[in-house]
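Observations on chain architecture
Letter by letter, the chains look like this.
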Amino acid sequence: MPRVPTYDTQPLQPTIRQGEARAPLSVEQAAMPGRQIQEAGEAMGRIGSALGQYVLQQQELFNRARVASITNDIDAFVMQQADEYGALQGENALRPGEDGRDPVAARISDFDRFVGERTANLPPVVQQDVNEYIGRARTRFQSNLFSHFTRQGAAFAETANQTRIDTATQNIIRDPLSPETEMFFGEIDQALADQRLISGIPVDATAITSAAATAVIEGLVEGNRIQEAQTFLDRYGETRMTPEEAVTAQNRIREAGAVSRGEAAAQSIVRNFPVTRNDTRGPARDRALREALTDENGNLDRGAYEYARTFTNRAVSLEEERIRNAEAQAYEGLVRLAQTNPQAALNSRAFANLPPDDQERFTNSIIRGAPPTTEQNQAWAALAGAPDYEERIAAMTPGQIADMRPMLGESRYRDLVADYQSLTQPRGGRSAGAQTDPNVVTMTGTNATVLRDVLRQLDLPSSGEEFAAIQGRARDLVQAEQQRLGRVLSQDELQNFLLQQMGRGIRSSGGFFAPSERPLATFRYRDIPRPDRDRIEAAFAIAYERAVAAGSTRSETYNPDIEENIIRQYIAEQRGEPIVRAP
């Protein structure tokens, strides 16, 4: 079995067999090993050169990487420091470091220290590249720091200087005529000069001090220190104010003086001529104002006089309004009392203190009672609209008249009684239809004839059911007019009044056509423009609910379901009386 040679056995040497001996070497063959060795050496040289070149290239890459690493660190440091410093505002950006150096120098020193630590022991070739970048980064960093330092310094200085100006201005305003006022104006001048040095922008000092002086004068005027304002203007207007603002301030002082004199005169006149109800003392007040505002040479201070008239009229109006409100409150109190005890209301001191016309209005409201309902109005129209109305009621007995009271309601029953008495109980030789009480209006006898004549002239119905409604409206209008005058209308006055009122045009909805007018006498519920009708009914609904809840005897006056209530309010508004609105 063959044996595999191992490291401790000698390898077998080849056996040269007979006939296999090599031929002798030629000259070329003998020289070949040297050439191969030479070529191998040259190849090795080329390999060494290439390897050296590779090493150099890698070293260059490593150097660039080190430069990039260092510059990245420098950039990160610069950005961090710039951000930290940029976040500081105002005085904080100007405050020195712990070593007492200014914030820019302190941060540049930190930059140099960081760079020194980061670039220690660098190869020369890396150090050269890094140094170039460090120089540019340091310049840029220093420029950014200095820019922020400059901006914050300018802003801080501007704020400080403005504070100096404001403080000086307030000191001037606090005591404008003080001997130190000129010194405070000097403070303003110095603050403006310092600001001009910092910003390099010219500042008009007169414009600034003029604004301060204007504020002083305005404050004095508002405090009614007119003479002090004039003294201040005389002292500083020429040197410390622009010509335009000085003129404006002078006009302001003159106007304020006129207002002050006028107001004082008005207050004195109103005290000397107290306001009364239905005041008629206006001419006397005006004469007194002229006398008070005329100097010894006979010259009237017209500016003060005009203001005085305005103040006087305003004071008179306010006092009249106060009187009206007080009377209205007293009247409302009487109404509340009358709801439970009418006689006590009539005997009360509050009633005695009412003006005569309000006494009549109050008494009439108690006498006439609540307004009629729709059913009562219909019953009244059937009775009063009959052509033989006068003959029918004249033939009735007092008991029959009294039996109609529930059917007609209190107010229409009063009208019926007045008509009946005028026909059946003439007294003192007076003819039927005559009357003496302004709270009672008859539509019988002569009065009825006057009404019918007026309606014929106006081409309006003078009989029938529609006439009854017209008659009721005429009665209410005449009664209101007589109560206003405090006396009964004569026949001529009655005719003229009815002609004026019955034919008066009231703005109507016009149906499908454009808005038109309709005579007051025949104005109907459907003639009221829809927006006005809705508004009045909404307001009356609220008033009616409150009146019913309060137990008012006049609650039916506001019942929105009674068309005549809505008509009466709308006609009153068209005559210039207050417009009713829902609360």
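Our structure's up above, just so we're on the same page.
For clarity, every value in this text was computed on a predicted model and none was experimentally measured.

Some details on the overall build of the protein chain
Counting its regular elements, the protein chain contains 22 helices and two strands. Taking all 583 residues of the protein chain together, 35% fall into the buried category. If you sum the accessible surface of the protein chain, you get close to 34,900 Å²; carbon and sulfur atoms cover 53% of it.

Observations concerning the packing of helix H6 (residues 226–240) against helix H7 (residues 243–272)
Following both chains from N to C, one finds H6 and H7 inclined at 165°, their axes separated by 10 Å at the closest point. Between H6 and H7, the interaxial angle falls into the category roughly antiparallel. Handedness of the crossing formed by H6 with H7: left-handed. For the pair formed by H6 and H7, the contact residues are Ile226, Ala229, Gln230, Leu233 and Gly237 on the first element and Ala246, Ala249, Gln250, Ile253, Ala256 and Gly257 on the second.

Digging into unusual backbone geometry
One non-glycine residue, Asn224, lies in the positive phi region at around 60°. In this fold, Asn224 is placed in the loop between helix H5 (205–222) and H6. Asn224 gets classed as partly exposed once you look at its relative accessible area, which sits at 48%. The backbone of Asp459 sits at a positive phi, close to 60°, despite the residue not being glycine. Here Asp459 is to be found in the loop between helix H18 (445–457) and helix H19 (464–485).

Regarding the side chain of Gln471
Inspection of the secondary structure assignment puts Gln471 in helix H19. Residue Gln471 is classed as buried on the basis of its relative accessible area, which comes to 1%. Once you skip the residues sitting within four places of it in the chain, Gln471 turns out to touch Trp380, Ala384, Met443 and Leu451.

What to know about the pattern of salt bridges
Enumeration over the complete set of coordinates arrives at 25 salt bridges. Here Asp286 ties to Arg309 by a salt bridge, and the two come within 4.0 Å at their closest N and O atoms. Of this pair, Asp286 sits in helix H8 (residues 282–292) while Arg309 sits in helix H9 (residues 302–340); the two residues are 23 residues apart in sequence, bridging distant segments of the chain. Overall, the relative accessible area of 24% leaves Asp286 in the partly exposed class. The class for Arg309 is partly exposed, based on a relative accessible area of 36%. Ionic pairing is found between Asp532 and Arg507, a salt bridge with its closest N-O pair at 3.0 Å. Here Asp532, found in helix H21 (residues 530–549), pairs with Arg507, found in strand E1 (residues 505–508); they are 25 residues apart in sequence, far enough to count as distant. On the accessibility criterion, Asp532 (15% relative accessible area) is buried. Taken together, the shared-partner salt bridges connect Arg507, Asp532, Arg535 and Glu573 into one network.

Looking at the environment of Arg504
By secondary structure assignment, the location of Arg504 is in the loop between helix H20 (491–502) and E1. For Arg504, a relative accessible area of 30% gives the class partly exposed. For the pair Arg504 and Leu520, spaced 16 residues apart in sequence, the C-alpha to C-alpha distance is 5.5 Å. With sequence-adjacent residues up to four places away left out, Arg504 is seen in contact with Arg518, Pro519, Leu520, Gln574 and Arg575.

Looking at the layout of surface pockets
As a volume, the second largest pocket reaches approximately 720 Å³. If you trace the second largest pocket, you find 24 residues lining it, with Ala469, Arg473, Glu563, Glu564 and Ile567 closest to the centre. Within the residue set of the lining of the second largest pocket, elements represented by two or more residues are helix H13 (374–384), H19 and helix H22 (563–574). In terms of residue count, the dominant contributor to the lining of the second largest pocket is H19 (eight residues). Taken together, the residues that form the lining of the second largest pocket break down as ten nonpolar, five polar and nine charged.

Cut-offs applied
- Each chain carries its own residue numbering, running from 1 in the direction its sequence is written.
- pLDDT decides what is reported in this predicted model: residues at 70 or higher carry local features, side-chain atom pairs at 80 or more are listed and counted, and totals for whole chains, interfaces and linings draw on all residues regardless.
- The side-chain quantities take in all heavy atoms of the structure and omit both hydrogens and water.
- Helical segments are the DSSP runs of H or I of at least four residues, strand segments are the runs of E of at least two, and each set is numbered from the N terminus.
- In this scheme, a residue with accessible area under 20% of its type's maximum is buried, one over 50% is exposed, and one in between is partly exposed, where area comes from a 1.4 Å probe on protein chains only.
- For the area figures, the Shrake-Rupley method with a 1.4 Å probe applies, and any residue is considered shielded solely by the protein chains shown.
- A fitted line through C-alpha atoms serves as each axis, taken over the contacting stretch for helices, and the angle formed by two N-to-C directions is quoted from 0 to 180°.
- Our angle categories are set so that under 35 degrees counts as roughly parallel, over 145 as roughly antiparallel, 65 to 115 as roughly perpendicular, and the remainder as oblique.
- Throughout, a crossing is termed right-handed when the near helix is turned clockwise from the far one, and left-handed when it is turned anticlockwise from it by less than a right angle.
- By definition in these notes, contact holds between two residues if any of their heavy atoms fall within 4.5 Å.
- By convention in these notes, a salt bridge is any Lys or Arg side-chain nitrogen within 4 Å of a carboxyl oxygen on Asp or Glu.
- Site definitions follow a grid-based scheme: protein atoms alone, a 1 Å grid, a 1.4 Å probe that fits but cannot get out for cavities, and for pockets an open set with protein on both sides within 12 Å along at least five of seven lines, plus lining residues having an atom within 4 Å of a point.
- Grid points are joined across faces, edges and corners, and a volume is the space filled by probe spheres set on the points.
- Only Asp, Glu, Lys and Arg are considered charged in this grouping, and only Ala, Val, Leu, Ile, Met, Phe, Trp, Tyr, Cys and Pro are considered nonpolar; every other residue, Gly among them, is considered polar.

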